[in-house]
Amino acid sequence: MKNNSNPAKANSLGHVLFGSLIGTTIEFFDFYIYANAAVLVFPQLFFPGSDPTTSTIESLATFSIAFFARPIGSAVFGHFGDKIGRKATLVAALLTMGISTVCIGLLPTYQSIGIVAPLLLMLCRFGQGLGLGGEWGGAVLLAIENAPPGKRAWYGMFPQLGAPIGLLLSGGTFLLLSDLLTEEQFFDYGWRIPFIASSLLVVVGFYIRLKITETPSFENALETKKQVEIPILTILKSYKWELIFGTFAAVATFVTFYLMTVFSLSWATSDLGFSRRDFLIIQLFSILFFVVGIPVSAVLADKFGRKRILVFISTLIMFFGFTFSFFMESGSIPMITTFVCIGMGLMGLTYGPLGTFLSELFPTEVRYSGASLTFNLAGILGASFAPLIAIWLAKNYGIGYVGLYLSIAALISVLALLMIRKKEEQF
């Protein structure tokens, strides 16, 4: 039997960490450019004829499709990731996401082909979700299954860094296009550029992934014949409580992120009078706090335990929710900037150890499926309709109820974390 304490025997440290980071960076870049476009572009180009609020809600409804596709991607890619290996599955997930994204950039609009345009947009969005559903879990496992003892959360935070980096690239791209192009040019062809250009990132990721070999943990599972026939059935039979409570434990993370990004961008530009450019700059600045929070929480998680750190940060998020009215109704740029920065900082602190925590709930033979399903089911509960719910609450009851929504989500996560009586699975 191989010794797991000797990480990355076949893979160099650089290949492991860069290979896990590059994939999630690409996947989240693709995912976030859609999020930006769903607020800034798609309401006018794919859902015209309605009032602005209705068009935005219709556009954000297509945004939610990917979250329902992600568990399907988790089941499909997770099955093969647990059966044939992490490497081939990661390459397939990356290509699925990349091709879907490029196709969005090539789509004709409603003005050209009518109702078929939003239908094709929804199909491509489904493909994005399918790919991301298989990507995240594999990238996390590539890192943590090569990690030495005592460093698992630190290794596991590298794929998590793909989220803020992807967000930074997507937001920066839209900001650059806003500066270089007129409004007419942006809506005519400029919005297509990020989607098509993502193909270059996919090529880089594809090359890196092909150079990586299997993880020691998966090779051990092959040698000891620990694999199961249908991983998802084993999870539902033997690890259902880990799946259920792990899902609810991650809900606060998703709600926090999509309120700080998609909802805040929509609300600031439509109701608070911010220009698209000004608020994108605020969001790009806040990503620095997101980036810093991830490694900080990973160090703390390796020292004090993943669960303890997640409980503490989720509790802070619960109290943060009560500050929505104070900050967002101020109308002050410094106050709103502070608000978004705090929110993104909390997001980084809860996101850093999350991948490691969820992966440790499951043994090697079902870990790809289990971690991916848990993460992506949490996406359905915490993110798929979060922008829609938040806009509806803000319009009908006021911004304070959006904060209450976040606080309730955080409370649910705290309770779920406390319910998990987890033993660390063998790596």
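A short tour of the structure in this document, coming up. (Residues numbered from 1 in each chain as written. Predicted model: local features only at pLDDT ≥ 70, side-chain atom pairs only at ≥ 80, totals over all residues. Heavy atoms only, no water.)

## Observations concerning the overall build of the chain
- On a plain count of helices and strands, the chain comes out with 22 helices and 0 strands.
- Here the C-alpha radius of gyration of the chain, 21 Å, is about what a compact globule of 427 residues would show, namely 22 Å.
- Long-range pairs, those at least 24 residues apart, make up 86% of the contacts in the chain with a sequence separation of at least 6.
- On the chain, roughly 16,000 Å² of surface is accessible, and the fraction owed to carbon and sulfur atoms is 69%.
- Charged side chains of the chain number 27 positive and 24 negative; the gap between the two group centres comes to 11 Å. (Helix = DSSP H or I, 4+ residues; strand = E, 2+ residues; numbered from the N terminus. Rg over C-alpha atoms; globule rule 2.2 N^0.38 Å. Contact = heavy atoms within 4.5 Å. Areas by Shrake-Rupley, 256 points an atom, 1.4 Å probe, with all protein chains shown as cover. Lys, Arg positive; Asp, Glu negative; His and termini not counted. Charge placed at Lys NZ, Arg CZ, Asp CG, Glu CD.)

## Overview of the environment of Ile 165
- On the secondary structure map, Ile 165 appears in helix H8 (residues 162–180).
- Classification of Ile 165 by relative accessible area gives partly exposed; the value is 30%.
- The sequence separation of Ile 165 and Gly 403 amounts to 238 residues, and the corresponding C-alpha distance is 26 Å. (Buried < 20%, exposed > 50% of the residue type's maximum accessible area, 1.4 Å probe, protein only.)

## Comments concerning the packing of helix H4 (residues 86–105) against helix H6 (residues 116–144)
- The contact between H4 and H6 brings their axes to 8 Å, and the two run at 150°. Taken together, the axis directions place H4 and H6 in an arrangement best described as roughly antiparallel. Between H4 and H6 lies a crossing of left-handed hand.
- Broken down by class, the residue content of the contact of H4 with H6 amounts to 13 nonpolar, 8 polar and 3 charged. (Axes fitted to C-alpha atoms, helices over the stretch in contact; angles between N-to-C directions. Parallel < 35°, antiparallel > 145°, perpendicular 65-115°, else oblique. Left-handed = near helix turned anticlockwise from the far one by under 90°. Nonpolar A, V, L, I, M, F, W, Y, C, P; charged D, E, K, R; others polar.)

## Digging into the state of the cysteines
- A full pass over the atoms with the stated rule returns 0 disulfides.
- With no disulfide of its own, Cys 103 lies closest to Cys 124 among cysteine sulfurs, the gap being 5.1 Å. (Disulfide = S-S within 2.5 Å.)

## Observations regarding the pattern of salt bridges
- Per the counting criterion, the structure on display carries 6 salt bridges.
- Arg 367 serves as the salt-bridge partner of Glu 145, at 2.9 Å between the closest nitrogen and oxygen. A residue pair is termed long-range when its members are at least 10 positions apart, and Glu 145 in the loop between H6 and helix H7 (152–160) and Arg 367 in helix H20 (residues 364–384) qualify at 222 residues. Comparing Glu 145 with Arg 367 shows no difference in burial state: the two are buried.
- Between Glu 360 and Arg 306 there is a salt bridge whose closest N-O contact spans 2.7 Å. Residue Glu 360 is found in the loop between helix H19 (354–359) and H20, and its partner Arg 306 is found in helix H16 (residues 306–320); the two are separated by 54 residues along the sequence.
- The class for Glu 360 is buried, based on a relative accessible area of 1%.
- Residue Arg 306 is classed as buried on the basis of its relative accessible area of 12%. (Salt bridge = Lys/Arg side-chain N within 4 Å of Asp/Glu carboxyl O.)

## Comments concerning the side chain of Asp 82
- Examined against the element boundaries, Asp 82 turns out to sit in helix H3 (residues 52–83).
- At 3.1 Å, the side chain of Asp 82 and the backbone nitrogen of Tyr 368 are in polar contact. (Polar contact = N/O pair within 3.5 Å; in protein donor to acceptor, adjacent residues only side chain to side chain.)

## Some remarks on a nonpolar patch on the surface
- On the surface, a nonpolar cluster with roughly 1,200 Å² of combined accessible area is contributed by Trp 241, Ile 244, Phe 248, Phe 319, Phe 322, Leu 381, Trp 392, Tyr 397, Tyr 401, Leu 404, Ile 408 and Ile 412.
- Of all the secondary-structure elements, those providing two or more residues to the nonpolar patch are helix H13 (240–249) and helix H22 (399–419).
- A per-element tally of the nonpolar patch places H22 first, with 4 residues.
- Tracing the chain through its elements places Trp 392 in helix H21 (residues 386–396). (Patch = residues over 30% accessible without salt bridge, like charges linked within 9 Å, V, L, I, M, F, W, Y side chains within 5 Å.)

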